[in-house]
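# Descriptive analysis of the structure
Listed here are the chains, written in short residue letters.
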Amino acid sequence: MLTIYSAFFDNLIPNWRNQLDVIKHHILVLVVRGKVLYTLNGERRMVEEGDLLLIPKGTSRMAENGNEEPHQKYTVLFHFVYPNLLGENDIPYLMNGRIIHLKIRGFEHIKQRIMQLYREGLEKKPFYELISLSILQELLAIIGREADVLNISPIKVKLAKTIQQYILENYRSSIQIEQLADMIQRSPNYTISLFKEVNGQSPIQYMHQLRMMEARNLLVNSSMSISDISHYLGYYDTSYFFKMFKKFTSMSPTAFLAKGDIN
């Protein structure tokens, strides 16, 4: 059975540290800013922004701010005992005491999901426990998949990074797969497959994700109207902007603006 014990957000806490202890729960950590220095079963690990760490129950753990600078991270403590909700053999890495440390692909998606899990526990709206559990199941499944993926060849990483950098610099513009394929001299289908293998999502999904991140920021921190933001980000059909925003944030731009929260 899979149950959530608690979820935390450490937000730039000076002199943060965990004293040496043997942990009594499985712990899932996503570092979203800065670095955390962990000592796990006597081994030192620097966990950085974009890293995901799974610490199994029974691990000897000590931790502190990396490089003596505050960090931001989400932490989920949970129990896992057979028989479980997913099927007897679906999370074997939780049973063998394996520590998993990943530079996670699709980081922004993972970040949004764990943020939602944390919020569910704070707000405690109807069915929050069921929603939180489903999010944790999704995260654990992704970890299992990521941990089993063979090392990606350096040339694939290099090509994917070329595409990613272009999208980062041009995400407000219209981006076509054919254009990206020409950039790396590969076919459109191969380009999509390559980018998804390295980053966990297609180039177009990544473009929309960047747009939605900027939309959230502009809604809270600018005087631009929703229509103006839609056009600014390359959505000339405002209804389509609403559709994409809700897909990525689970709420409409109007509801998000009323909430006034970008965390």
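These numbers were taken from a predicted model, which means no experiment stands behind them.

The next point concerns the layout of surface pockets. Considered as a void within the structure, the largest pocket measures approximately 680 Å³ in volume. Forming the walls of the largest pocket are 26 residues, and the residues nearest its centre are His109, Ile110, Arg113, Glu138 and Gln209. Counting only elements with at least two residues in the lining of the largest pocket, the list comes to helix H1 (107-123), helix H2 (128-148), helix H6 (203-221) and helix H8 (238-249). When residues in the lining of the largest pocket are grouped by element, the largest group, seven residues, is from H1. Residues belonging to the lining of the largest pocket are distributed by class as follows: seven nonpolar, 10 polar and nine charged.

Among the nonpolar cores identified, the biggest contains 29 residues, and Leu28 and Leu140 are the most heavily contacted of them. Looking at this core, the elements with two or more residues in it are strand S3 (26-33), strand S6 (51-55), strand S8 (72-80), strand S9 (100-103), H1 and H2. Here the element with the most residues in this core is H2; it accounts for seven residues. When neighbours within four sequence positions are excluded, leucine 140 is seen to be in contact with Leu2, Leu54, Phe78, Ile91, Tyr93 and Leu94. Core analysis: the next-biggest nonpolar cluster, separate from the first, contains 26 residues, Ile167, Leu180, Ile184 and Ile226 among them.

Taken in spatial order, the four strands line up as S2-S7-S4-S5 in an open sheet, and their pairing is antiparallel. With one partner strand each, in any of the chains shown, strand S2 (17-22) and strand S5 (43-48) form the two edges of the open sheet. Averaged over all pairs of adjacent strands, the angle between their axes in this sheet comes to 15°, without regard to strand direction. As judged from the six bridges shared by strand S4 (residues 35-40) and S5, these two strands associate in the antiparallel manner. In the sheet register, leucine 40 faces S5, and the bridge partner there is glutamate 43.

Analysis parameters
Residues numbered from 1 in each chain as written. Predicted model: local features only at pLDDT ≥ 70, side-chain atom pairs only at ≥ 80, totals over all residues. Heavy atoms only, no water. 1 Å grid on protein atoms, 1.4 Å probe; cavity = no way out; pocket = protein on both sides within 12 Å on 5 of 7 lines; lining within 4 Å. Points joined across faces, edges and corners; volume = space filled by probe spheres on them. Helix = DSSP H or I, 4+ residues; strand = E, 2+ residues; numbered from the N terminus. Nonpolar A, V, L, I, M, F, W, Y, C, P; charged D, E, K, R; others polar. Core = buried A, V, L, I, M, F, W, Y, C linked by side-chain atoms within 4.5 Å. Buried < 20%, exposed > 50% of the residue type's maximum accessible area, 1.4 Å probe, protein only. Contact = heavy atoms within 4.5 Å. Pairing = 2+ DSSP bridges. Axes fitted to C-alpha atoms, helices over the stretch in contact; angles between N-to-C directions.

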